[in-house]
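Overview (structure and organization)
Listed below are the residues making up each chain.
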Amino acid sequence: MAEKSKPVTIDDLAEANIERPKSDKSAKDEAVFFAHKESMQKAELGLVGSVWGSNSEKPGNIAAIVAIVLLVFVGVLLFQYNEWEKFSDTLAVMMSTITLILGYLFGSSSKD
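Residues numbered from 1 in each chain as written. Predicted model: local features only at pLDDT ≥ 70, side-chain atom pairs only at ≥ 80, totals over all residues. Heavy atoms only, no water.

Here we take up the pattern of salt bridges. Per the counting criterion, the structure on display carries 2 salt bridges. With its nearest N and O atoms 3.2 Å apart, the salt bridge here joins Asp29 to Lys25. Here Asp29 pairs with Lys25, and both are found in helix α2 (residues 25-52), just 4 residues apart, close to one helical turn. The shortest N-O distance in the salt bridge between Lys42 and Glu38 comes to 3.8 Å. Of this pair, Lys42 and Glu38 both sit in helix α2, 4 residues apart, which is roughly one turn of that helix. Residue classification places Glu38 among the partly exposed positions, given a relative accessible area of 46%. (Salt bridge = Lys/Arg side-chain N within 4 Å of Asp/Glu carboxyl O. Helix = DSSP H or I, 4+ residues; strand = E, 2+ residues; numbered from the N terminus. Buried < 20%, exposed > 50% of the residue type's maximum accessible area, 1.4 Å probe, protein only.)

What follows covers the packing of aromatic side chains. Counting across every chain of the model gives 1 aromatic pair. Seen in terms of ring centroids, Phe33 and Phe34 are 5.3 Å apart; in terms of plane orientation they differ by 70°. Their pairing is edge-to-face. Relative accessible area serves as the criterion here: at 44%, Phe33 is assigned to the partly exposed category. (Phe/Tyr/Trp six-rings, centres within 6.5 Å; stacked < 30°, edge-to-face > 60°.)

Printed below as a string of C-alpha cells:
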C-alpha cells in the first residue's frame, strides 16, 4: 500500500534549496548574438529613428521634423511681425502646410 506523505507547507517551500541552472555555450552564444543585433538596430535607427521609428517610418520622420520647424518658425513670426497684414498672409501659408503635414502623419492608412 502507498504511504501517505505529509502535505507541503509554504514554510517547507521557503526552506527548499534549489540549484540555479547553469547556462550552456549555446545560451551564451545566443546572448552575444542578440546583443549584437540590438546594437546594429540602434546604429541603423540613428538619432531621429530612435525617436520616431525605423526605415518604414522615414517619410513620417521627415514630415514630423518639417512640422516642428514650421511651428517654431510661426512662433518666431509671432514676435517679429508688427503688421497684422503681413503676419496673417505668412501664417495662412504656414498653417496650411502644417495642416497638410499633420493630415499625412495622422491620416488613415487602411489598405481596403
